[in-house]
Amino acid sequence: MAESDRSPLKHFVVAKKKISTIFDQLLEYITEGADFVEKTYRNTELKQIATEQQASMIHGYTKKLAVISEVLARNHMKVAFFGRTSNGKSSVVNAMLWDRVLPSGIGHTTNCFLSVEGTDGDKAYLMTEGSDEKKSVKTVNQLGHALHMDKDLDAGCLVRVFWPKTKCALLRDDLVLVDSPGTDVTTKLDSWIDKFCLDADVFVLVANSESTLMNTEKHFFHKVNERLSKPNIFILNNRWDASASEPEYMEDVRKQHTDRCINFLVDELKVVEREQALNRIFFVSAKEVLNSRMQRAQGMPEAGGALAEGFEARLQEFQCFERTFEECISQSAVKTKFEQHTIRAKQITETVKGIMDDINIQAADKRINLLKERDDKMDQSDYVRSQLGLLTEDIKGKIKAVTEEVETKVSTAMTDEICRLSGLVDEFYSDFHPSPQVLELYKNALHKHIEEGMGRSLADRCSNAVNASVQNSQQNMIENLKPLLPSSVQCQLHMLIPCRKFDLSYDLNFSSLCTDFQENIEFRFSLGWTSLVNRFLGPKNAHRALLLMESSAQIPRRLATTPSAPNIHALTQENVSQEEIMFSIGTGLASLTSKSSMTVVIVTGVVWRTIGWRLIAASFSLYGLLYLYEKLTWTTRAKERAFKQQFVDYATKKLQMVVRFTSANCSHQVQQEMATTFARLCQQVDLTQKNLSEEISRLTMKIDQLDAVQHHSKTLRHKATGLETELDSFIKQYLQPQQ
């Protein structure tokens, strides 16, 4: 067996391998694209980038390409041999296979369709239709016997014969040869065509050159021509070796057969042009070729044995048929098996590329919009941050100014109220009695009266003005910070920061302030020793002088410095010294001799000399009358007046001490109120900034996702362009007519 290194059948094998590789790449590409589109469509952050229709369309392409890939893997070149019974169809197949693969002989040897295809194994086997059992085939006779013995096989059944590729070179190139029963043994031609002819690439009509084309043969191929568009038909006039016995009629008979075959192909079937028809008609002797090739396979001469004259010419014509057939079936199979799939692949690739372009455009448009939106958000965030800083400094200054104003106003008002304290105390009326229990109740009621009265007066003078100032400042804060907030928050700002009346709390805490007040409502004669000492020496020095005099009356002078003397120790602890007392008395006497006192003494001395003891008696009488008068007028009312005067003097000093504290406390209240309002506003601004930051982060994430979508879609588009280039190259190399 000899095989050309450049067998035309290799054209189909190479084309099949290449188109299968392209479809594998295309299926992988479409699968990747389907996953990408599905993921993009399902991403809730990337709405309107990919549609459900696009996702379902690409998924549909995935299924279609998977089916096409399976079909391509099974595809092979198929040639079907038809003709009347005993025209030598099986012999032609055996001759082409260089071996007796199919049963042949005299009479009706093929009673069903037989397909011969290669197997990689080293043993031949057959499989009947509807069964997966592999039946062993050792010899052709056994095969023929098996067929004849199987009563279930009819003319419409298919028996697949698998012949080792190592024994037949023709079967190595994805070629399947189908032998058929005679077209004259059944009327079920339509079912034959549907079952065995629709996927055939070449039809070989094996005619008997000892007769002519019969109507049954023509009728069958007319039906084939109706179902297929211009099928490739070869006509083999077999048994041409019979013409050797009548050489004088050989050319005439050949011309007669040729004319009839051309007329059938060109005029009746119209499957080829007239100038091409001669290349489809051959005169051969399949039996001679098979015998010679089998002898050659056994190492014997090809022309050995009883061969009719002209064998070499018939062998060459058979070889010419094989070459032409191989070229035709290779080209035809590539076109019929791959052309529609290639066109479909280009359509799918173009559609998917368009989808990737649409996704890329949608992603680019949305990315531009999101970039603009993010820039706006970033500008807004920067503006809010900078404006908040400026407004914070400004509002701090305003708060400071308002608090200072409040502090001044409260301090002035409280000072004025302290000046009016005596009037406020005089307005107080309650049962007064010098007993400790009643006096304590009187004090508590007086404290409450003064605290309420002063609080009311301060509120009348300050609260309304302060409240108006605070509300005005709060409103200014809101108006200044309002532009920094989103419109939705601006509408709800009155709910988030409710405006309420601000009331200052003047907590004087008068009871605690005057808790150490000690009244002195005991009767004291205005011209008594204590009163005179107080008048001349002052309360502080008089107190010290009186203590010293009491100590001197109780303790001898020689013991005055005794460390153990308790009174002297007390005086020492109080830092009262003799020098200080004497200095105080001297100062009092000096004041006595000063001014009018000296005049009184001189006048008294003159009167004494003039009047004498009578004046002294009269003076003592007057002194006693005065004492009696004062004693009689020292009533409960007088005691209450003395109590109130003492209380006014004491409370005035205490209130003057807390003026600054109270005004500072009020200013602190105002500061806290305004600061709280500003803090609430800042909280809303901070929340706005946080929302802006989150929105910027979300937009950045979406932009990154869109960048990834754009990059992936561009990559998939470039892959589609590469696949289109490969498909165009395949079309140019295998499907377009060669110049």
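Note that the structure is predicted; figures quoted are calculated from it, not measured.

Now for the overall build of the protein chain. Assigned secondary structure in the protein chain consists of 21 helices and 9 strands. Within the protein chain, buried positions represent 43% of all 739 residues. Taking all contacts inside the protein chain whose residues are at least 6 apart in sequence as the whole, residues at least 24 apart take part in 82%. For the protein chain, the accessible surface area stands at approximately 40,600 Å², while carbon and sulfur atoms represent 53% of it.

Moving on to the sheet that holds strand 6 (residues 175-179). Overall, mixed pairing links the 9 strands, which are arranged 4-3-5-2-6-1-7-8-9 in an open sheet. Where the open sheet ends on each side, the last strands, each with one partner, are strand 4 (135-136) and strand 9 (281-283). Bridge count for strand 2 (residues 113-119) against strand 5 (residues 158-164) is 7 bridges, and the pairing is parallel. Each bridged residue has a counterpart across the sheet, and for Val-116 the counterpart in strand 5 is Val-161. Strands in contact with helix 10 (residues 311-419) are strand 1 (77-82), strand 6, strand 7 (202-208), strand 8 (232-238) and strand 9; relative to strand 8, the strand with the most contacts, it is inclined by about 165 degrees.

With respect to the helices and strands, Thr-635 occurs in the loop between helix 20 (613-633) and helix 21 (636-735). Assessed through its relative accessible area of 37%, Thr-635 is described here as partly exposed. Separated by 112 residues in sequence, Thr-635 and Phe-523 place their C-alpha atoms 9.6 Å apart.

Backbone phi values are negative for most residues with the exception of glycine, while trans is the configuration of most peptide bonds. We note that Asp-174 has phi near 55 degrees; this positive angle belongs to a residue other than glycine. In this fold, Asp-174 is placed in the loop between strand 5 and strand 6. On the basis of relative accessible area, Asp-174 is assigned to the partly exposed category, the value being 24%. Phi at Arg-239 takes a positive value of approximately 65 degrees, unusual for a residue other than glycine. In this fold, Arg-239 is placed in the loop between strand 8 and helix 7 (250-269).

Here we come to the pairing of strand 3 (residues 125-128). Burial of strand 3 is two-sided: the residues Tyr-125 and Met-127 facing one way and the residues Leu-126 and Thr-128 facing the other way are all buried. As paired elements, strand 3 and strand 4 share 2 bridges and run antiparallel to each other. Paired with Leu-126 across the two strands is Lys-135, which belongs to strand 4. The hairpin turn running from strand 3 into strand 4, its antiparallel successor, is 6 residues long, and Gly-130 in that turn takes a positive phi close to 85 degrees. Judged from the 4 bridges that link them, strand 3 and strand 5 form a sheet pairing that is antiparallel. Opposite Met-127, over in strand 5, you have Arg-160 as the bridge partner.

So, about the layout of surface pockets. Remark: the empty space left among the atoms is shown by a probe the size of a water molecule rolled over them. Volume-wise, the largest pocket comes out at about 810 Å³. The wall of the largest pocket is formed by 29 residues, among which Asn-232, Cys-328, Gln-331, Ser-332 and Lys-335 lie closest to the centre. Among the elements that take part in the lining of the largest pocket, helix 10 stands out by supplying 8 residues, more than any other. Counted by class, the lining of the largest pocket contains 10 nonpolar, 12 polar and 7 charged residues.

Here Asp-704 shows up in helix 21. Judged by its relative accessible area of 46%, Asp-704 is partly exposed. On a C-alpha basis, the gap between Asp-704 and Arg-367 in space is 8.9 Å, while along the polypeptide they are 337 residues apart.

Moving on to the packing of helix 9 (residues 286-297) against helix 10. Running from N to C, helix 9 and helix 10 point in directions that differ by 95 degrees, and their axes come no closer than 10 Å. Classified by the angle between their axes, helix 9 and helix 10 sit roughly perpendicular to one another. On the side of helix 9, the interface is formed by Glu-288, Val-289, Ser-292 and Arg-293, while helix 10 contributes Phe-311, Arg-314, Leu-315, Phe-318, Gln-319 and Glu-322. Taken together, the residues of the contact of helix 9 with helix 10 sort by class into 4 nonpolar, 2 polar and 4 charged.

A cluster of acidic residues, Glu-373, Asp-375, Asp-376 and Asp-379, forms a negative patch on the protein surface. Counting through the fold element by element, Asp-376 comes out in helix 10. Since its relative accessible area comes to 43%, Asp-376 is described here as partly exposed.

Attention now moves to the pattern of salt bridges. Evaluation of the coordinates by the stated rule reveals 30 salt bridges. For Glu-317, the salt bridge goes to Arg-254, with nearest N and O atoms at 3.0 Å. With a gap of 63 residues between them, Glu-317 in helix 10 and Arg-254 in helix 7 connect regions that are remote in the sequence. Classification of Glu-317 as buried rests on a relative accessible area of 14%. For Arg-461, the salt bridge is made with Asp-416, and the minimal N-O distance between the two is 2.8 Å. Placement of Arg-461 in helix 12 (residues 436-481) and of Asp-416 in helix 10 is noted, with a sequence separation of 45 residues between them. Residues participating in the shared-partner salt-bridge network are Asp-416, Glu-417, Arg-420 and Arg-461.

All right, on to a nonpolar patch on the surface then. On the surface, Leu-622, Leu-625 and Leu-626 cluster together into a nonpolar patch covering about 280 Å² of accessible area. With respect to the secondary-structure elements, Leu-622 resides in helix 20.

Before going further, it helps to examine the packing of aromatic side chains. Tallying each qualifying case throughout the model produces 22 aromatic pairs. Centroid distance Phe-82 to Phe-220: 4.3 Å. Interplanar angle 35 degrees. Geometry classified as tilted. Taken together, the positions of Phe-82 in strand 1 and Phe-220 in helix 6 (residues 215-227) put the pair 138 residues apart, joining distant regions of the chain. By the burial criterion, Phe-82 is buried, and Phe-220 matches it. The interplanar angle of 65 degrees and the centroid separation of 5.6 Å between the aromatic rings of Phe-282 and Phe-321 together place this pair among those described as edge-to-face. Here Phe-282 is found in strand 9, whereas its partner Phe-321 is found in helix 10, with 39 residues between them in sequence.

Right, let's get into empty space enclosed by the protein. Using the criterion set out here, one finds 2 cavities of 30 Å³ or more in the structure. In this structure, the second largest cavity spans a volume of roughly 30 Å³. Forming the walls of the second largest cavity are Ala-207, Asn-208, Ser-211, Thr-212, Leu-213, Asn-237, His-257 and Cys-261. At the level of elements, strand 7 and helix 7 are the ones that each hand at least two residues to the lining of the second largest cavity.

Turning to the side chain of Lys-16, a few remarks are in order. Among the secondary structure elements, Lys-16 is positioned in helix 1 (residues 9-42). Discounting chain neighbours no more than four positions away, the residues touching Lys-16 are Leu-72, Ala-73, Asn-75, Asp-174 and Phe-338.

Thresholds, definitions, all that
- Residues numbered from 1 in each chain as written.
- Predicted model: local features only at pLDDT ≥ 70, side-chain atom pairs only at ≥ 80, totals over all residues.
- Heavy atoms only, no water.
- Helix = DSSP H or I, 4+ residues; strand = E, 2+ residues; numbered from the N terminus.
- Buried < 20%, exposed > 50% of the residue type's maximum accessible area, 1.4 Å probe, protein only.
- Contact = heavy atoms within 4.5 Å.
- Areas by Shrake-Rupley, 256 points an atom, 1.4 Å probe, with all protein chains shown as cover.
- Pairing = 2+ DSSP bridges.
- Axes fitted to C-alpha atoms, helices over the stretch in contact; angles between N-to-C directions.
- 1 Å grid on protein atoms, 1.4 Å probe; cavity = no way out; pocket = protein on both sides within 12 Å on 5 of 7 lines; lining within 4 Å.
- Points joined across faces, edges and corners; volume = space filled by probe spheres on them.
- Nonpolar A, V, L, I, M, F, W, Y, C, P; charged D, E, K, R; others polar.
- Parallel < 35°, antiparallel > 145°, perpendicular 65-115°, else oblique.
- Patch = residues over 30% accessible without salt bridge, like charges linked within 9 Å, V, L, I, M, F, W, Y side chains within 5 Å.
- Salt bridge = Lys/Arg side-chain N within 4 Å of Asp/Glu carboxyl O.
- Lys, Arg positive; Asp, Glu negative; His and termini not counted.
- Charge placed at Lys NZ, Arg CZ, Asp CG, Glu CD.
- Phe/Tyr/Trp six-rings, centres within 6.5 Å; stacked < 30°, edge-to-face > 60°.

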